[in-house]
Amino acid sequence: SVVIPVGVTMIENNAFLYCEGLKSVVIPEGVSVIEFQMFRHCHDLTSVTIPKSVRKIMFGAFECCGKLESIVIPEGVVSIGSNCFGGCGSLKSIDIPSSVTEIADNAFFDCVSLKTVNMPDGELKEKVLTYLSKIQNEEKHGYSDGHEWVDLGLSVKWATCNVGADSPESLGWWLWDSVKKQSSNFL
C-alpha cells in the first residue's frame, strides 16, 4: 500500500504503472490531477482514496485495475478521461458527483460488471448507462459456420485458430500453403 505524503501536489504520468502488487493508495489533499495512466495495470489495486482537491482524472488513470470493485469520485472532479476505468472488469459500483461535467467516450470500456452508477440524473448519466448497457450486452465469443470466434474489440471477429487448423497451435492449411510457397522461392 502507498500513502502519498501531505505536501505532494503533483504525481507524474505513469507513476505507478505496472505496480501489480499495489493494493491500496491514499492520494493527499492538494493533488489536482490524477495523471495519464497513473495506476494502469495495478492488477491488485482494490482501494483508492481520492481527495476533494482532484479536478481531473486523465486518460487510462485506472485502466486494467482488475480487482478494483468500487470507487468514490469526490465532489470537485469535473472531468473523467477516456479509458479511465477501461478494463476494470471487477468494477461493480461507482459514485460520480454532480461536479462532473465531462465523461469521455470509453471511460468505462469493458467494465462488464459495473451495475451501480450513483450520479445525478440527467444527460450525462443517460450517456453512461447507455454505453454500459451496450458493452455489457455485446457478444464477446461465439460460433459461426462451425468455427469458434472471439471479439477482441477490433473491427472484425477473430477465429480462435488458423483456417484449416485443428488447434490454436497448428498452422492450418492456408498458412501452411503460404509458408511452403515462401520456402520454395528460396530453394
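To keep things clear, this report deals only with the structure shown in the data block. As the structure is a prediction and not an experimental result, all values here were calculated from the model.

Details of the sheet that holds strand S7 (residues 79-80)
Taken in spatial order, the four strands make up an open sheet running S3-S5-S7-S9, and their pairing is parallel. Unpaired on one side and paired on the other, strand S3 (33-34) and strand S9 (102-103) mark the two borders of the sheet. One ladder, built from two bridges, connects S3 with strand S5 (residues 56-57); its direction is parallel. Along S5, the bridge assignment pairs Val33 with Lys56.

Here we look at a nonpolar patch on the surface
A cluster of nonpolar residues, Phe36, Met58 and Phe59, forms a patch on the protein surface that exposes about 220 Å² of accessible area. Mapped onto the fold, Met58 is located in the loop between S5 and strand S6 (70-72). Given the relative accessible area of 31%, Met58 is considered partly exposed.

Some words on the pattern of salt bridges
Under the definition given, this model contains five salt bridges. Its salt-bridge partner being Lys67, residue Asp44 comes within 3.1 Å of it at the nearest N-O pair. Taken together, the residues span a long stretch of sequence, with Asp44 in the loop between S3 and strand S4 (47-49) and Lys67 in the loop between S5 and S6 at a distance of 23 residues. Given a relative accessible area of 45%, Lys67 falls into the partly exposed group. For Asp105, the salt bridge is made with Lys127, and the minimal N-O distance between the two is 3.5 Å. Note that Asp105 is positioned in the loop between S9 and strand S10 (116-118) and Lys127 in helix H1 (residues 123-137), a separation of 22 residues in sequence.

Considerations on the packing of aromatic side chains
For the structure shown, the criterion picks out five aromatic pairs. Taking the centre distance of 5.4 Å and the plane angle of 15 degrees together, the rings of Phe36 and Phe59 count as stacked. Of this pair, Phe36 sits in the loop between S3 and S4 while Phe59 sits in the loop between S5 and S6, placing them 23 residues apart in sequence. Take Phe36: its relative accessible area is 32%, and that puts it in the partly exposed class. When the ring of Phe85 is compared with that of Phe108, the centres are 5.7 Å apart and the planes differ by 5 degrees; the resulting orientation is stacked. You can see Phe85 sitting in the loop between S7 and strand S8 (93-95) and its partner Phe108 sitting in the loop between S9 and S10, a full 23 residues away along the chain. Just as Phe85 is buried, Phe108 falls in that class too. By the ring-pair criterion, three or more aromatic residues cluster together here, those being Phe16, Phe39, Phe62, Phe85 and Phe108.

What counts and what doesn't
- Throughout this document, residue positions are counted from 1 along each chain, in the order its sequence is written.
- Local features in this predicted model are restricted to residues whose pLDDT is 70 or higher, and side-chain atom pairs enter the listing and the counts only when it is 80 or higher, whereas totals over whole chains, interfaces and linings include all residues.
- Side-chain numbers come from the whole structure's heavy atoms, not from hydrogens or water.
- The rule for pairing is simple: two strands pair if DSSP sees at least two bridges between them.
- A run of H or I in DSSP counts as a helix once it spans at least four residues, and a run of E counts as a strand once it spans at least two, with each numbered from the N terminus.
- Every patch collects residues that have over 30% relative accessible area and no salt bridge, joining them within 9 Å if they carry like charges and within 5 Å if they are nonpolar side chains (Val, Leu, Ile, Met, Phe, Trp, Tyr).
- Accessibility throughout is a Shrake-Rupley quantity obtained with a 1.4 Å probe, and a residue counts as covered only by protein chains that appear here.
- For this document, the term salt bridge refers to a Lys or Arg side-chain nitrogen within 4 Å of an Asp or Glu carboxyl oxygen.
- Relative accessibility thresholds used throughout: buried, under 20% of the residue-type maximum; exposed, over 50%; partly exposed, between the two (1.4 Å probe, protein chains only).
- Side-chain rings of Phe, Tyr and Trp (the six-membered ring for Trp) are treated as a pair once their centres are within 6.5 Å; stacked means planes under 30 degrees apart, edge-to-face means over 60, and tilted covers the remaining angles.

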